[in-house]
Amino acid sequence: MQSSASDAVIALHRGVLATLQRRMPPEQNSEPLVELLRALTTALSRGEISLQLHDGAKVPDGIETDGWPRVHREALVASGWLDGDQAVLVLNHNSLSWRRWHGAMQELELELQRRCFQAPIHATNHGATTSRLSNNNDLSPEQQAAVRAIDRYGVVLLSGGPGTGKTSTVLHMLLRAFEKQPKLRARLAAPTGKAARRLQDAIRSNPITATLPCTTLHRLLEARPGGFGRHRRNPLELDLLIVDEMSMVDLELGRALLSALPTHCQLILVGDSAQLPPIGTGAIWQHLQEPNQNRRFKDGAITLTEVYRNRGALAQMSALLRDQGLIPFWSQLSSLPKTSNITVSYSQTRQIPEAVHAALTRHLDHLKEKASALGINAHGQPDQQQAQDLLNILDTLMVLCPRRRGPWGVDAVHQNLLDGSEPQRWPSGLPVLCSENQPELGLANGDLGVMVGEGVQQRALFLCSDPSGESRHALYHPARLRHLEPALALTIHKAQGCEMDKVLLLWPNFDDRQISSLLYTAITRAKQQLLLFADPKALDLGRSARSWHPEDQSNNGDA
């Protein structure tokens, strides 16, 4: 699969090069110019819209000529490809971009900045305080700054790692806004159904926010073939929108969202920039968190740094990985005490580790027992509380893999435990994944469910959402679900927006394009415990890691 992805990137590069040479023959052609275009094309295939050419920039794959990046920068300037209105490339502060994507990102930046400095409709004198805010002694100064920002800024950027209190801060921001404007039309959204429901669960603790609709971005924008039902001519009827898990939002979705917001609507964006970037083109959140971009939002950009959840080594090691990279991470990992909530096992076998097989077998048995006890009424509807209890078991354990295919991949895990890939052969209790949006059923891409029953009685249990954001449990015949797949294991990308009590992470030996954000995202899915199974050779490759999407190994077929 990796070779097919590489072949596709090579073909894309050759096509782009041939087109440029035909339509805009370079004034000076050279091997560094060809290498530079190849590197930029490869970056685009990973969803990255720019390439850094400043002195000291990392050397991309495929660069063989000495003198990077000076020689390649000089070759680019000499080519003439940066000159004139028809130029397809833009060099801005030593950042090389495709003009199309550069312009789109710039438009989004300017629109966010314009909105940022318009007063929200619930705004009051920012020097005023309220009883609710003054009594928030449990909030850190950073969190209080975020709560105050909702009074002054039309756009607020709230960033922070796991356990830093982003969700509780969002709740207090909502309470602040509703205190000023009780009739505020507010909604919450996230890129995936799982992330949206996790956010909704967090705000149910307060009666003021308990009934606020929380849904996926695609459902909010009324996604349909060819575009969205909500746009500039048919905007959302909202005064305040909060979007969580912004690291998963690409440029196309971000532009569609801004287009659908009325001009007065306040926008609160929340995320962790160290997470994996989106699969699509243009990592908005990572771009907005760059210092030169972030400071343009002034006090409307807040980063939470204080960790509140006692996550032990999970917090310590994820912070180390985020701040210092792979080499210090692997070095310190081996010195963790045996009482740590991170356990590491090294193995070079291509077989799924026996400990993983045993843990999943116990997990599946538990799910099967609960599924068999699920009450179903005469209309085929499940008992809502029993259904929720069954789905809650999914949050207790998950196996994560950096890729779908290959040794220690998602497919290998399922082949190890299941008799076949056809749904009719799947056992009751099997976790399953809906991998396509089906709004007519209230399902979103990434929703997790459980198989219930076997044979003609076989159904898939999911928590579904109606257009208003209200949730209910439902049973569907597998034939009604266009794309259903087993989910005893997930790729790390598919697990974004989820949190599980225990994560079993399979980390095989694969090429040196892996990045720390992939490992960071996997670690931060674990709330209580991480069991890491690693091939020792992967540690050496990690020391020369570069930015990439592991799912690119099969041209996005591994996601």
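Residues numbered from 1 in each chain as written. Predicted model: local features only at pLDDT ≥ 70, side-chain atom pairs only at ≥ 80, totals over all residues. Heavy atoms only, no water.

Some points on helix 3 (residues 70-79)
Inclusion rule: Each residue's exposure class comes from its accessible area (1.4 Å probe, protein chains only) as a fraction of the maximum for that residue type: buried when under 20%, exposed when over 50%, partly exposed otherwise. Helix and strand labels come from DSSP, where a helix needs a run of H or I of at least four residues and a strand needs a run of E of at least two; each type is numbered from the N terminus. Regarding the arc, it is the one traced by the directions from the helix axis to the C-beta atoms.
Those residues of helix 3 that sit buried are His72, Arg73, Ala75, Leu76 and Ser79. Viewed along the axis of helix 3, the buried residues span an arc of 160°, placing them on a single side of the element. Taken from the residues just after helix 3, Gly80 is the one with a positive phi, measuring 85°.

So, the sheet that holds strand 21 (residues 526-534)
To summarise the sheet geometry, strands pair through backbone hydrogen bonds and adopt either a parallel or an antiparallel arrangement. Rules: Any two strands with at least two DSSP-identified bridges between them are counted as paired. To get an axis, a line is fitted to the C-alpha atoms, and for a helix only the part in contact is used. The angle between two axes follows their N-to-C directions and goes from 0 to 180 degrees.
In space, the 5 strands of this open sheet follow the order 12-21-20-13-19, with parallel pairing throughout. A single partner strand is all that each edge strand has here, and the edge strands are strand 12 (342-346) and strand 19 (489-491). The mean angle between the axes of side-by-side strands here comes to 25°, regardless of whether they run parallel or antiparallel. Across 7 bridges, the pairing between strand 20 (residues 500-507) and strand 21 is parallel. Pairing of Leu506 across the sheet is with Phe533, part of strand 21.

Concerning the packing of aromatic side chains
Put simply, the rule reads: Ring pairs shown here join Phe, Tyr and Trp side chains whose ring centres sit within 6.5 Å, with only the six-membered ring taken for Trp; geometry is labelled stacked below 30 degrees between planes, edge-to-face above 60, and tilted in between. Definition used: whenever NZ (Lys) or CZ (Arg) falls within 6 Å of the ring centre and also within 35 degrees of the ring normal, the charge is taken to sit over that ring.
Counting across every chain of the model gives 2 aromatic pairs. Measuring from centroid to centroid gives 5.3 Å for Phe329 and Trp330, while their planes differ by 70°, and the two rings are edge-to-face. In this pair, the class of Phe329 matches that of Trp330, namely buried. The positively charged end of Arg100 is found above the aromatic ring belonging to Trp101, 4.3 Å away from the centroid.

Some words on the pairing of strand 15 (residues 447-452)
Put simply, side chains in a regular strand alternate between the two faces of the sheet. The element strand 15 is largely enclosed, with a buried count of 6 among its 6 residues. What you see with strand 15 is no split at all: Asp447, Gly449 and Met451 on one side and Leu448, Val450 and Val452 on the other are buried throughout. For strand 14 (residues 431-434) and strand 15, the ladder comprises 4 bridges, and the chain directions are antiparallel. Pairing of Pro431 across the sheet is with Val450, part of strand 15. Counting the residues between successive antiparallel strands, the hairpin from strand 15 to strand 16 (residues 459-465) contains 6 residues, one of them, Gly453, with a positive phi of roughly 80°.

With respect to the confidence of the model for the chain
Basically, it comes down to this: Along the chain, pLDDT gives the predictor's confidence residue by residue, from 0 to 100. In what follows, a contact means two residues having at least one pair of non-hydrogen atoms within 4.5 Å.
A residue-level look at the chain finds 91% of positions with pLDDT of 70 or above and a mean pLDDT of 87. Element-level pLDDT for the chain is lowest in helix 5 (residues 131-134), with a mean of 44, against a maximum mean of 98 in strand 9 (residues 240-243). For residues 126-131, every residue scores under 50 in pLDDT, and the model assigns this stretch 6 contacts once sequence neighbours within four places are set aside. This stretch, residues 541-557, has a pLDDT under 50; its non-local contacts, to residues over four places away or in other chains, come to 64 contacts.

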